[in-house]
Amino acid sequence: MTATPKLNPKPIRNTNDSQSQAVVITKQRDFTHKEPIIIPSHLEEIPVISAASYIKDSRNRWYIHSVEVKEVWDVHVNLFNQVKPHVLSAHDYVVKRYQELTNE
């Protein structure tokens, strides 16, 4: 049997010593919408969407993903809440029965 090696404690990093300086905004950027640049495709029959359309599509897809994940989460929470009392009562029964059998 081999001995377990002794582990050294993890070093503690003191974050109070180095305070970062405050961020100062020196100029505002102009975020006006610019017309998309359409890059022609090397495959003429396949259209290429603009960057703005691509970003809008990805945001829509992410929103749909978020809604579906929330629905799945809610279903699992509901299932857990319905099953929990039955699992606890089964656990209590098994523990009680085991104690009865081992004490005889």
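A short tour of the structure in this document, coming up. As the structure is a prediction and not an experimental result, all values here were calculated from the model.

### A few points about the overall build of the protein chain
When helices and strands are tallied, the protein chain shows one helix and zero strands. Residues classed as buried in the protein chain amount to 2% of the 104 residues present. Surface summary for the protein chain: the accessible area is close to 11,500 Å², and the carbon and sulfur share equals 60%.

### Some details on the pattern of salt bridges
Between side chains of opposite charge, a pair can form when the charged atoms approach closely. Under the defined criterion, the tally for this structure stands at three salt bridges. Note that Asp-57 and Arg-61 form a salt bridge whose closest N and O atoms lie 2.8 Å from each other. With Asp-57 and Arg-61 both in helix 1 (residues 51-103) and four residues apart, the pair spans about one turn of that helix. Relative accessible area serves as the criterion here: at 57%, Arg-61 is assigned to the exposed category. Residue Asp-74 is joined to Lys-70 by a salt bridge in which the shortest nitrogen-to-oxygen separation is 3.0 Å. Remark: Lys-70 and Asp-74 occur in helix 1; sequence separation between them is four residues, near one turn of the helix.

### Details of the environment of Ser-50
Locating Ser-50 in the fold gives a position in the segment before helix 1. Here the alpha-carbon distance between Ser-50 and Ile-37, two residues 13 residues apart in the chain, equals 6.9 Å. One polar contact links Ser-50 to Ser-53, side chain to side chain, over a distance of 3.0 Å.

### Quick notes on a nonpolar patch on the surface
On the surface, Ile-49, Tyr-54 and Ile-55 cluster together to form a nonpolar patch covering roughly 330 Å² of accessible area. Examined against the element boundaries, Ile-49 turns out to sit in the segment before helix 1. Relative accessible area serves as the criterion here: at 53%, Ile-49 is assigned to the exposed category.

### Some points on helix 1
With 53 residues, helix 1 should reach 78 Å at 1.5 Å per residue; the first-to-last C-alpha distance of 74 Å fits that figure. Of all the bends found along helix 1, the most pronounced is centred on Val-83 and spans about 35°, while Pro-85, a proline, follows it within four residues.

Cut-offs and rules
- Residues numbered from 1 in each chain as written.
- Predicted model: local features only at pLDDT ≥ 70, side-chain atom pairs only at ≥ 80, totals over all residues.
- Heavy atoms only, no water.
- Helix = DSSP H or I, 4+ residues; strand = E, 2+ residues; numbered from the N terminus.
- Buried < 20%, exposed > 50% of the residue type's maximum accessible area, 1.4 Å probe, protein only.
- Areas by Shrake-Rupley, 256 points an atom, 1.4 Å probe, with all protein chains shown as cover.
- Salt bridge = Lys/Arg side-chain N within 4 Å of Asp/Glu carboxyl O.
- Polar contact = N/O pair within 3.5 Å; in protein donor to acceptor, adjacent residues only side chain to side chain.
- Patch = residues over 30% accessible without salt bridge, like charges linked within 9 Å, V, L, I, M, F, W, Y side chains within 5 Å.
- Expected span 1.5 Å × (residues − 1).
- Bend = angle between axes of the 7 residues up to and from the residue.

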